[in-house]
Amino acid sequence: MIQFHGRGASAGIASGPVYVYQRGGGGTAASPDTRDPAGEWERFLRARAAAAAWLEKTRDTVLKQHGGEAAMLFDAYILLAWDADLTQRVESGIREKQMMAETAVREAARQYVALLSETDDLYMQARSADVREVCGRILAALAGRTSAPIRPPQPSILWAEELFPGEAAGLDPDIILGVILAGDSVTDHTSILLRAKGIPAVIRTGRVPVPGYSGREALIDGGRGEVVIAPDGETCRRMLSEREAEKTVRLALEQYRGLENVTKDGKRISVYCNISSPDEVGEVLSYEGDGIGLFRSEFLYLGRQDYPSEELQFEAFRRVLTDMRGKRVVIRTADLGGDKQEEYLSIPAGKGPAGELRGLRLCLERPEMFRTQLRALFRASVYGELGIMFPMVTSVSEVREAKALCAEVKKELGREGKPFREDTAVGIMIEHPEAVLISDQLAGEADFFSFGTNDLIRSAEDGSGIPGHPEVLRLLKLACGYARRGGISTEICGELAADPAYTAVLLAMGIDAFSVPPRDVLRIRRRIRETDISEVRERMRQIPD
Ligand code: PEP
Ligand code: MG
């Protein structure tokens, strides 16, 4: 028996024979050089077109099956396949250095990756994975291989060094029972796709696949990040009984369908969903979300080469509001900056979360960009129950400035005879410690607070390492108190909202609504229904004011 650990990237327990996957090198040319540059250039162009067509087809399938967030990466791949700089490097390899197309593609990819890894920018560094995926596709096409999905002869646990999102997208959960990766996955999108497909996965194991283990039984626990190959009877029994327990939990959650989100002592709580694309509305409705508590509108700005137009944004917002059929939809204005960058945005790097030009401050520095988005939002407001929310707020003056711009936009629309809803709610994300400190004043400026615990945890000095995030709970308690005194409602949309371990304590603080990934609605509904708020309030005493 060999046993190792990694990071659990997709929860669930899987068992089956190991299938070792080693990606082909994309075909080897007999010689690295050519005497026919024109012919090689033609081969490259044909291979690139085939690779791009495969990427487009995969993007459409992923979009249909798993929604916009998972599909978005493929748009970036398609752009990269046609990237002028990459093409020019291949062309110079073929025409000037007389390389075979394969050699020129490999060399261009190597140069491009080296260039990207020289930057300090983590986002740019991550893009080197995209280059490797796209060039891998072109090499496969040059070798005359169609990018067939990975398909072992029997249902198996796939063990690979790494897995590109393009490969993950093609996995059939009936055949690929689980995934073990030696590496750091290639991007988070691989993990997103594995989770979307419900394939348990353990990544970053540091264990390179050993072909000799092909066919040996394996057990993996994608929640705990545990891998056992050739397990002994005792380990087998333990992990399989955990799998049964997990299945039972999932089945038990089904019983909560159609029930209200109401606590034992009768408080009705809203459980909304977080989305990043209008394509995810179907999932929200199927998991019975009460609405959308966070639509991350910045994704409309990503994977593009220029700002999205007012019309494009209006259509996206209108679609979400219409599809949600009158249920509440909170759209967050663009939270760009940090790791959400695009070349055309040219966002200057700042030091630390406070110095970073991000969220609302970035929008206020680019009034035309902001005005365009606000126009799209207010125009869409007549199609449902819209709330607009500002991200990364750090001062009262920012909120006042943003509201003044909203007022101007409404006046402008009025003059143009374009309808909008005057009573559109305006909320503030509390996701920065500075915002908590001034939350008494902020409560006077907003219709609701929504707590962004992801950023709060990030900026709490040593927060991420402390179980229970006591300092973050303390911040939430403080801001909840001010919200209550200011007569406004409180919501939570950070990941903490989806962790059932925190539901009771958040309810006791007075949180009115949770916004979670669609698949977590029933889990949180169950915890809400199990909670008696007055009973839990006792626990609040443990959190100092
Ligand atoms: C948060 O910070 O908790 C949040 C919801 O915002 P994001 O994860 O988009 O930064
Ligand atoms: Mg945030």
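Here, residues in each chain are numbered from 1, in the same order as that chain's written sequence. Numbering of ligands from 1 and lettering of chains from A proceed in the order in which they are written. The predicted origin of the model limits local features to residues at a pLDDT of at least 70 and limits the giving and counting of side-chain atom pairs to 80 or more, whereas totals for whole chains, interfaces and linings rest on all residues. Values reported for side chains reflect all heavy atoms of the structure, with hydrogen atoms and water molecules removed beforehand.

Enquirer: How do you make sense of the overall build of the protein chain when you look at a structure like this?
Expert: For helices the rule is a DSSP run of H or I covering at least 4 residues; for strands it is a run of E covering at least 2, with both sets numbered from the N terminus onward. When its secondary structure is counted, the protein chain shows 21 helices and 16 strands. Note that the radius of gyration is over C-alpha atoms, with the globule rule given as 2.2 Å times the number of residues to the power 0.38. Compactness check: the protein chain gives a C-alpha radius of gyration of 25 Å against a globular reference of 24 Å for 545 residues, within 12% of the reference. The C-alpha extent of the protein chain, read off along each of the three principal axes, is 75 × 65 × 40 Å. Residue contacts are defined here by distance: any two heavy atoms, one from each residue, within 4.5 Å place the two residues in contact. For the protein chain, restricting intrachain contacts to residue pairs at least 6 apart in sequence, the fraction spanning at least 24 positions comes to 69%.

Enquirer: I would appreciate a short explanation of the side chain of S450 in the present structure.
Expert: On the secondary structure map, S450 appears in strand β14 (residues 448-451). Note on S450: relative accessible area 0%, which makes it buried. Here the term buried applies to any residue with accessible area under 20% of the maximum for its type, exposed to any over 50%, and partly exposed to those in between, with areas from a 1.4 Å probe on protein chains only.

Enquirer: What is the right way to look at the sheet that holds strand β16 (residues 513-516) in this model?
Expert: Sheet strands pair by backbone hydrogen bonding; their relative direction is either parallel or antiparallel. We call two strands paired when DSSP finds no fewer than two bridges between them. In space, the eight strands of this closed barrel follow the order β9-β10-β11-β12-β13-β14-β15-β16, with parallel pairing throughout. The sheet shows a mean angle of 25° between the axes of neighbouring strands, direction not considered. Taken together, the two bridges between strand β15 (residues 489-492) and β16 define a ladder with parallel strand orientation. Across the sheet, I492 pairs through a bridge with F514, a residue of β16. Its contacts with the sheet put helix α18 (residues 470-486) on β13 (425-430), β14 and β15, and the angle it makes with β14 is roughly 170°. Axis angles are defined between N-to-C directions and span 0 to 180 degrees, where every axis is a line fitted to C-alpha atoms and, for a helix, only to the segment in contact.

Enquirer: Would you mind going over unusual backbone geometry with me for this structure?
Expert: The general pattern is negative phi for most residues beyond glycine and trans for most peptide bonds. Despite not being glycine, Q98 has its phi angle at roughly 55°, a positive value. Here the phi dihedral of R204 falls at roughly 55°; this positive angle occurs in a residue that is not glycine. Looking at where R204 falls in the secondary structure, it is placed in the loop between β6 (201-203) and β7 (217-221).

Enquirer: Looking at this structure, I do not really get the packing of helix α10 (residues 310-323) against helix α13 (residues 367-380). What am I missing?
Expert: For any two helices packed against each other, one specifies the inter-axial angle together with the distance between the axes. Orientation of α10 relative to α13, taken along the N-to-C sense of each, is 35°, at an axis distance of 8 Å. Between α10 and α13 lies a crossing of right-handed hand. The residues of α13 that touch α10, namely those facing E310, E311, Q313, F314, F317, R318 and L321, are T372, Q373, R375, A376, L377, R379 and A380. Taken together, the residues of the contact of α10 with α13 break down into six nonpolar, three polar and five charged. What makes a crossing left-handed is the near helix being turned counterclockwise from the far one by less than a right angle; a clockwise turn instead makes it right-handed. Residue polarity follows a fixed list, in which Ala, Val, Leu, Ile, Met, Phe, Trp, Tyr, Cys and Pro are nonpolar, Asp, Glu, Lys and Arg are charged, and the others, Gly among them, are polar.

Enquirer: For this particular structure, what's the right way to read the domain arrangement of the protein chain?
Expert: Where the parts come together, the accessible area they lose is often given as the size of the interface. For the protein chain, the domain assignment lists domain 1 (2-21 + 148-253), domain 2 (37-142) and domain 3 (257-539). Summarising the inter-unit geometry, the C-alpha centres of domain 2 and domain 3 are found 36 Å apart. Each domain's extent is set by a domain assignment, obtained either automatically or from a database.

Enquirer: Just checking my understanding: could you explain the site of ligand 1 for this structure?
Expert: A single heavy atom is enough: if one lies within 4 Å of a molecule or strand, its residue is considered near that molecule or strand. Around ligand 1 sit 13 residues, and of these R296, R332, G452, N454 and D455 come closest. Any N or O atom pair separated by 3.5 Å or less is treated as a polar contact, with the protein-specific requirement of one donor-capable and one acceptor-capable atom, and with residues adjacent in sequence counted only for side-chain atom pairs. Interatomic distance of 2.7 Å between a side-chain N/O atom of R296 and an oxygen atom of ligand 1. Interatomic distance of 3.5 Å between a backbone N/O atom of G452 and an oxygen atom of ligand 1. The accessible surface values rely on the Shrake-Rupley method and a 1.4 Å probe; as for residues, cover is taken only from the protein chains in view. Here ligand 1 loses 95% of its free accessible area of 290 Å² to cover by the protein chains. For the shell around ligand 1, the secondary-structure elements that each account for two or more residues are β10 (291-296) and α17 (453-459). Ranked by residue count, the leading element in the shell around ligand 1 is α17, at three residues.

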